[in-house]
Amino acid sequence: MLNEILNIILFRKFRTNSAKNNFMKCLQSELAEDFLDVLLKLMSLIFCVDKHFRRNIENFNARYLFMNKDGSITVAAVFNNGKLKVSEQKIDNTDVTVIFKDERALMNFILSPKPDILHAMLNQEVTFEGNLNYLSKFAFMATHLQLMVTKQ
Amino acid sequence: MSQVMLKDIGLKEYTLDNLDILRELRDVHFKSRSEICVERAKYVTEYLREKDNPQDAPVIRRAKTVNYFLSNKSAVFPDNNLIAGTTTSKAMGAPLYPEFFALTIWPELETISTRKSNPQLLSKEEADLLNFEIYPFWMERNVLEVTRKRYNNPQCMKLFEQLIFFVASKAGCISHTVPCYSVVLDKGLNYIIQEAADKESEISKNTPLSDEDQEKLNFYKAVQTVLKGIIDYANNLSRAAIELSKTVSDPVRKKSLEKMAEVCGRVPANPASTFHEAVNSLWISHISIHAENINMAMSPGRLDQILYKYYRKDMDEGRLTIKEAMELVGCLWLKLADNVNMVPETAEELFGGAGTAPAVTLGGVDANGEDAVNDLTYIMLRVTELLKTRDPSMNARYNYEKNSKEYRDRVCEVIANTKAVPAFHNDITDIKTLENQGTLTEHARDYAIIGCVELASSGRSYDASSSVMLNLVAPLELTLYNGKRPATGDEQIGPNTGDPSRFKSFEEFWEAFKGQLKWLIGEAVQLNEYFGKIHQEVVPTPLLSAYFEGPMEKGKDLIFGGALYNSSGATHIGFADTVDSLNAIEKAVFIDKKCTFTELLAALKANFQGYESLHQYLVNKAPKYGTEDPVAIKNSQNLICFLYELYQSRVNYRGGKYRPAYWSMTNHSGQGGLANALPNGRKAGEPFASGITPVSGAAKELTACLKTIGGLDSLCIPGGEALNLKFTTVENESDIEKFGQIIESYFRLGGMQVQFNIMSYETLIDAKNHPEKYPGLMVRVSGYSAYFKDLNDKMKDELIKRTEYNLRTGAAVPFPGFK
C-alpha cells in the first residue's frame, strides 16, 4: 500500500516510461553509451512499480561492482533487503566484479540472446571476478527488462 | 566356439515396414522437441531446503537426496515404447543439475525456448520456479562456487573461466564412465541392499569404531537408502502402468502396459528372468544413475554381452522371437535417446549439437580372449542400421585375430548404410593399452567405450575420462609470444620461456613449448584435483558406486577411489594443427631458413596479409602430420610421448593416473574460431582439425595417412583417440570388402580407433544450404554422433572441409570450392 502511494507521489510510473524509452534508445544505439546507468535506473524503478519483478530481490543481498578498464566508469549496485542502491564509487567485498572495455561490450555480455558473448570474454572485452551465479542472476533481470522494453 | 546361430547376420527380412512399433516410435522421436525438465532440480532442492539433516555424513545426505527425488519422480509413459521409465518427465528432456552447471541458463530463462540455436522449451511456470525458488538456493552451493571459495579463486580457475586454455568438466559433473549392470540384472537390487546391510551389521560389531569403520558404515547405509529409491521408482512405474492400462481402449497398448506393470513389479528389485525384464531392469538402472549424476557419457557398455544370456535362454525356451528381440532392443535405443543436455547459448559455440553420448559397445573378445560376437551383436547392429539415431553412441570392437571377416564386413555395411555409425575400435591395441595401465588381462578384455572413444574396463574402472580438455594451441601460442596469447592481450599468462626470435635451434623452441605445456597441464590438473576434493565433500556418488566392482568390497565411494581401477582423462584439442605448426617452424625457420622467427610472428599477427608467399610455402611445403615426412613423424611422436610421460607422472585424488587422449567433440571448431593464425598456415578463426585427425587437405594419400597415425604408440594414448575419415561412397559388396580391408590394415599398423562419414563434399554442402532436405542426416563429429542440422555453422564447415577419400583409390578427392 505504502509503495503504491509512493509510486503516485514520486511519479514513478511516468518516470518508468521515460526510463524505458532511454533503455530502448540505448539498446538501439551503436555505442550503447550510458548503458549501465540507464539499465540500473530502469531496474530501480521497475522494482518499485512491478511486484512480480520485485520478487527477484526479496531476501536478496548482493554487492556488484562494474568498472571499465580505464577507471572512468565505476558503478556499484548493492541489493539489500528488497532494495537496490546505485552509487558511482568503488566498493569492497563484492560478490562479483565486472570489468569491461566499453559499454557496448558490457551490454552484449549481459543481454541475451547475443551471439558474441564468447568473443566478449575471450577478447578480454569483459572479464569478471567472483561468483558467476550472481552475474547470471543480474543478467536474467537485465534480460527481463530488455524483453519488456522490446516487446512493447 | 562361435555363438552365432542366425542364418542371415544382416537380418535383412526385418525392416521398419514390418517393425511397426519401431517405425512409430522413431517418427515420434524425430518429431520431439527438446524441453528443459525441472523435476530433478525441484526435488533435490526441496529435500535439501526442507528435510536435510546437516549432521548426516555427506554420502548419506547425498543418498537421501537422490532417494527423495527417485521416490517422487514422475512415472510417465509419453509414447508406446515397450519399456517403462523415462530419464525426465518430458518426452525429450534436459534434466537440470543445480549442483553443477544448471545455473548457467539463468540469464536465458525467458529466451531459451525461442533462441535461434537449438532451443529448449521451458514454460513460464517452470522458469519462475527456477528463478525464484531453485536457483537462489544454489548460488553459493554449486561445485564451482564451493571450489572457488575453498581455494580462494585460484589462478587455475581463472584460466578455466577464460575457456581458451582448458575446460575442466569436473566443475560440471561426475560422468564419463561405464557402470556394469550385470549384478542388478543377475541378482537384483534387493541383493545389493542386503549385502550392504550385512556389511554394515558386520562393521557395527567393531568396538571401538575407527574413523575408517565409520566411513564404511556411512557408505553401506547410503547404498541401501539410495537403492531403495530406485525400487520406489520402479513400483511407481508399475502402479502408473496399471492405472493407465485401465484408461486405454487399444488392446495392444493395454496389454503392453499390463506387461510393463508386471515387469516393473519384479525388476530391478529382483533378478531378471526374461529378456524383457533384463532390458527394462537395465534401463531403470540407467535412469537411476542420471537421478544422481549428470547425463553426459554415462555409458551402458557391452550390451550384447550383458543381455545375451537372457536372450539365449528365452530363444531356446521359445519365449522370444527375433522380431520381438529387435523391438525390445529398438525400444531401448530410443529410450537411451530420450534425453539431451541442458546447453546454455554460449556453450552452443563449443558443444552445440552434441547428444548425451551413452556409448554402447559391441563385439570383440570375451574374458578368455575368444570371439564374443553373438546373435545379439547382429540384432543390435541391425536395429542401429534401421533407426539411425544419434544416441546411443555405437561402437564396434574388432579383433582381427579372433572376430570373423563376416562380422567386420557387416559392421562396415552398417556404417555405409547409416553413413556414420558404429565407430570401429581395435581390440588388440586397446587391450594392450589397458594392460599397460595395470589392468588385469581378463578385465582389459572386458573393456567398453566411454562416451566418445575412451576405454574402460566395464564396471571396474572409474576413469572420469573427460576431466580435462586441453587446448594444445594455447601452449603453442604461449611459446610463440613468451607466455602471452594474442587473445588475452598483454597479460603475462604462462611462464617466460624466452623470446623465440632469439632461439638458435628448433630444439630450443621445443624445450620452451614443453615448458609452457607442462605449466598449463599443471594448472589444469590442479583444478581437477580441487574439484575432485569438493566432489568428495559435496556430491559423493553412492548410487553409481553400487554398479561398480570395488566400492562394495572396500566400503568406499567411487569418488574416494572405491573402484578397482582409477584414472582421470585429459583430452587434447588441436593436436594436428600444433604438430604441423611445430613442423612448419622447424622447416621454415631452422632448416630451409625461409623466414626468420620475427618474420613468421609478423605474418601471424597480420593473419598472413602481405605475406602470401610465406603462407603458400607454409601450406604447401612445410611437413604435414598424416604424411610420411620424417619431420612430421618425429614431431607427432615426440608430442604424444611427452604428453604421456607428463600425465602419467600425476596421481589424482583417487589414487589413479592421468590418461592423455585425443578426441575433441566440437571443441576443435569452437576453439579454432577463437585462435589467431598459426605457423602451419591456418588462418585466424579457422577450425582446428578434429581429434587425432590430420588437418583437412594435408594428407593426400590414405595409405600414408593411416600408416603414420597407426605408427603412433597406442600405449601412449591410454585415454583413446578419434580418427575421422570421410569416404565418398560405399556402394557394393566389393566396396564393403575394400572398406573392411582398409580398417584391418590400419588396425594391423597399430591404429586404435576410426570413425567415418560416408558422404561427399557436395552432399554436406547441400545439407548446409538446404537443411529441410536432410532432417535426420547423422554425422560423426569427433567421438560422438550428431544430427548435421543441429551443429553450428563453423562445425558444419569443418565437417564439409574434412578430407574426403575415394575408397577405391585411396586418393584425396579435390575440394570442389565452398562458399
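None of the values given here were measured: they were computed from a predicted structure.

**Observations regarding the overall build of chain A**
Now for step 1: A tally of helices and strands in chain A yields seven helices and five strands.
Now for step 2: When the helices and strands of chain A are read in sequence order from the N terminus, they spell out α-α-α-α-β-β-β-β-α-α-β-α.
Now for step 3: Burial status across chain A gives 51% buried among its 152 residues.
Now for step 4: The long-range share in chain A, meaning contacts at least 24 apart out of those at least 6 apart in sequence, stands at 67%.

**Describing the nonpolar core**
Now for step 1: Counting residues in each nonpolar core, the largest one holds 258 residues, and the members touching the most others are F275, L307 and W333 of chain B.
Now for step 2: Element by element, the count of residues in this core is highest for helix α21 (residues 506–538) of chain B, at 15 residues.
Now for step 3: If we skip the residues at most four places from it in the chain, F275 of chain B touches L307, Y310, Y311, D314, L320, A325, L328, V329 and L376 of chain B.
Now for step 4: Membership of the second largest hydrophobic core comes to 69 residues, among which are L45, F53 and F100 of chain A together with L103 of chain B.

**Some details on the sheet that holds strand β4 (residues 359–363) of chain B**
All names here are of chain B.
Now for step 1: An order of β4-β5-β6-β14-β13-β17 is seen for the six strands of this open sheet, with the pairing classed as mixed. Looking at strand neighbours, the two that pair on one side only are β4 and β17 (804–805), the edges of this open sheet.
Now for step 2: Relative to strand β14 (residues 753–758), strand β6 (residues 423–426) is paired through two bridges, and the arrangement is antiparallel. By the bridge assignment for β14, F424 is matched with V754.
Now for step 3: Most of the contacts of helix α17 (residues 405–418) go to strand β5 (residues 393–398), to which it runs at about 155°, and overall it touches β4, β5, β6 and β14.

**Some thoughts on the side chain of N724 of chain B**
Residues and elements named next belong to chain B.
Now for step 1: Secondary-structure assignment places N724 in strand β13 (residues 724–727).
Now for step 2: Of note is the side chain of N724, whose polar atom sits 2.5 Å from the side chain of Q755.
Now for step 3: Within the local environment of N724, its side chain forms a polar contact with the backbone oxygen of V781, the two atoms lying 3.2 Å apart.
Now for step 4: Excluding residues that lie within four positions of it along the chain, N724 makes contacts with S690, T693, Q755, R780, V781, S782 and R802.

**Observations concerning the packing of aromatic side chains**
Now for step 1: Within this structure, the stated rule accounts for 40 aromatic pairs over all chains.
Now for step 2: Judged by centre distance (6.4 Å) and plane angle (65°), the rings of Y64 of chain A and Y134 of chain A are edge-to-face. Taken together, the residues Y64 of chain A in strand β1 (residues 62–68) and Y134 of chain A in helix α7 (residues 132–150) connect sequence positions 70 residues apart. The burial state of Y64 of chain A is the same as that of Y134 of chain A; both residues are buried.
Now for step 3: Centroid distance W510 of chain B to F513 of chain B: 5.9 Å. Interplanar angle 35°. Geometry classified as tilted. Linking W510 of chain B with F513 of chain B, this pair stays in helix α21, spanning three residues, or about one helical turn.

**Re the pairing of strand β4 (residues 96–100) of chain A**
All names here are of chain A.
Now for step 1: For β4, the buried fraction is high: four of the five residues fall into the buried class.
Now for step 2: Two strands pair when backbone bridges link them, and β4 and strand β5 (residues 126–130) are joined in this way by five bridges, in the antiparallel orientation. Across the sheet, residue T97 finds its bridge partner in β5, namely E129.

**Things to note about unusual backbone geometry**
Residues and elements named next belong to chain B.
Now for step 1: The step from T207 to P208 runs through a cis peptide bond, and the omega angle for that step is -10°.
Now for step 2: When you line up the elements, P208 lands in the loop between α8 (189–204) and α9 (211–247).
Now for step 3: Cis rather than trans, the peptide bond between V421 and P422 has omega equal to 0°.
Now for step 4: Along the chain, the position of P422 falls in the loop between α17 and β6.
Now for step 5: Phi at N152 takes a positive value of approximately 60°, unusual for a residue other than glycine.
Now for step 6: A positive phi angle, close to 45°, is found at M665, a residue other than glycine.
Now for step 7: Within the secondary structure, M665 is located in the loop between β12 (657–661) and α28 (667–672).

**With respect to the environment of A684 of chain B**
Residues and elements named next belong to chain B.
Now for step 1: Among the structural elements, A684 can be located in the loop between α28 and α29 (702–710).
Now for step 2: Overall, the relative accessible area of 35% leaves A684 in the partly exposed class.
Now for step 3: Separated by 78 residues in sequence, A684 and A606 place their C-alpha atoms 9.5 Å apart.

**Section: the interface of chain A and chain B**
Now for step 1: Contact residues are listed per partner, giving 30 residues for chain A and 34 residues for chain B.
Now for step 2: For the pair chain A and chain B, the summed buried surface comes to about 2800 Å²; carbon and sulfur atoms form 57% of the total.
Now for step 3: Between R55 of chain A and E133 of chain B there is a salt bridge whose closest N-O contact spans 3.1 Å.
Now for step 4: At the junction of chain A with chain B, the criterion picks out nine residue pairs in polar contact (both at pLDDT 80 or more).
Now for step 5: Of all the secondary structure elements, the ones that give two or more residues to the side of chain A that touches chain B are α6 (117–122), β5 and α7 of chain A.
Now for step 6: Tallying contributions element by element places α7 of chain A first for the side of chain A that touches chain B, with 10 residues.
Now for step 7: Classifying every residue of the side of chain A that touches chain B gives 13 nonpolar, 12 polar and five charged.

**Side note on the environment of S29 of chain A**
Now for step 1: Mapped onto the fold, S29 of chain A is located in the loop between α2 (12–28) and α3 (35–49).
Now for step 2: Residues S29 of chain A and A76 of chain A, 47 residues apart in the sequence, show an inter-C-alpha distance of 24 Å.

**Brief notes about the confidence of the model for chain A**
Now for step 1: With 86% of its residues at a pLDDT of 70 or more, chain A shows a mean pLDDT of 86.
Now for step 2: The least confident element of chain A, judged by mean pLDDT, is α6 of chain A at 62; the most confident is strand β2 (residues 74–80) of chain A at 96.

**Let's talk about the packing of helix α1 (residues 20–31) of chain B against helix α14 (residues 322–336) of chain B**
Residues and elements named next belong to chain B.
Now for step 1: Their axes nearest at 10 Å, the elements α1 and α14 cross at an angle of 10°. Judged by the inter-axis angle, α1 sits roughly parallel to α14. For the pair α1 and α14, the contacting residues are I21, L22, L25, R26 and H29 in the first and M326, E327, G330, C331 and L334 in the second.
Now for step 2: In terms of residue class, the contact of α1 with α14 is built from six nonpolar, two polar and two charged.

**Let's talk about the pattern of salt bridges**
Residue and element names in this part refer to chain B.
Now for step 1: Summed over all chains, the structure comprises 55 salt bridges over all chains.
Now for step 2: Where D463 meets R659, a salt bridge forms, and the shortest distance between an N and an O atom there is 3.4 Å. Placement of D463 in the loop between β9 (461–462) and β10 (468–471) and of R659 in strand β12 is noted, with a sequence separation of 196 residues between them. For the residue pair D463 and R659, the accessibility class agrees, reading buried in each case.
Now for step 3: Sharing partners across several salt bridges, the network here consists of K405, R408, D409, E737, E744 and R748.

**Some details on the sheet that holds strand β3 (residues 83–87) of chain A**
Adjacent strands of a sheet pair through backbone hydrogen bonds, lying either parallel or antiparallel.
Residues and elements named next belong to chain A.
Now for step 1: Strands sit in the order β3-β2-β1-β4-β5 across an open sheet of five strands; the sheet is mixed. Only two strands of the sheet have a single partner each, and these edge strands are β3 and β5. Going across the sheet, the axis of each strand differs from the next one's by a mean of 15°, ignoring polarity.
Now for step 2: Docked against the sheet, α3 engages β1, β2, β3 and β4, running at close to 155° with respect to β3.

**Thoughts on the side chain of E586 of chain B**
Now for step 1: Examined against the element boundaries, E586 of chain B turns out to sit in helix α24 (residues 575–591).
Now for step 2: Side chain to side chain, E586 of chain B and N635 of chain B meet in a polar contact 3.2 Å long.

**Concerning the domain arrangement of chain B**
One frequently used descriptor of interface size is the decrease in accessible area upon assembly of the parts.
All names here are of chain B.
Now for step 1: You can read the domains of chain B as domain 1 (1–31 + 357–450 + 724–819), domain 2 (36–153 + 180–293) and domain 3 (468–722).
Now for step 2: Distance from the C-alpha centre of domain 2 to the C-alpha centre of domain 3: 37 Å.
Now for step 3: The interface is formed by 37 residues belonging to domain 2 together with 24 residues belonging to domain 3.
Now for step 4: Taken over both partners, the interface formed by domain 2 and domain 3 buries close to 2400 Å², and the fraction arising from carbon and sulfur atoms is 72%.
Now for step 5: Broken down residue by residue, the surface that domain 2 buries against domain 3 is led by V143, Y151 and F219, which jointly contribute 23%.
Now for step 6: Connecting domain 2 to domain 3 are one salt bridge.
Now for step 7: Put simply, R150 and E537 hold a salt bridge, and the shortest N to O gap is 2.6 Å.

Rules used throughout
- Residues numbered from 1 in each chain as written.
- Chains lettered and ligands numbered in written order.
- Predicted model: local features only at pLDDT ≥ 70, side-chain atom pairs only at ≥ 80, totals over all residues.
- Heavy atoms only, no water.
- Helix = DSSP H or I, 4+ residues; strand = E, 2+ residues; numbered from the N terminus.
- Buried < 20%, exposed > 50% of the residue type's maximum accessible area, 1.4 Å probe, protein only.
- Contact = heavy atoms within 4.5 Å.
- Core = buried A, V, L, I, M, F, W, Y, C linked by side-chain atoms within 4.5 Å.
- Pairing = 2+ DSSP bridges.
- Axes fitted to C-alpha atoms, helices over the stretch in contact; angles between N-to-C directions.
- Polar contact = N/O pair within 3.5 Å; in protein donor to acceptor, adjacent residues only side chain to side chain.
- Phe/Tyr/Trp six-rings, centres within 6.5 Å; stacked < 30°, edge-to-face > 60°.
- Buried area = accessible area lost by both parts, 1.4 Å probe.
- Salt bridge = Lys/Arg side-chain N within 4 Å of Asp/Glu carboxyl O.
- Nonpolar A, V, L, I, M, F, W, Y, C, P; charged D, E, K, R; others polar.
- pLDDT = per-residue confidence, 0-100.
- Parallel < 35°, antiparallel > 145°, perpendicular 65-115°, else oblique.
- Domains from an automatic or database assignment.

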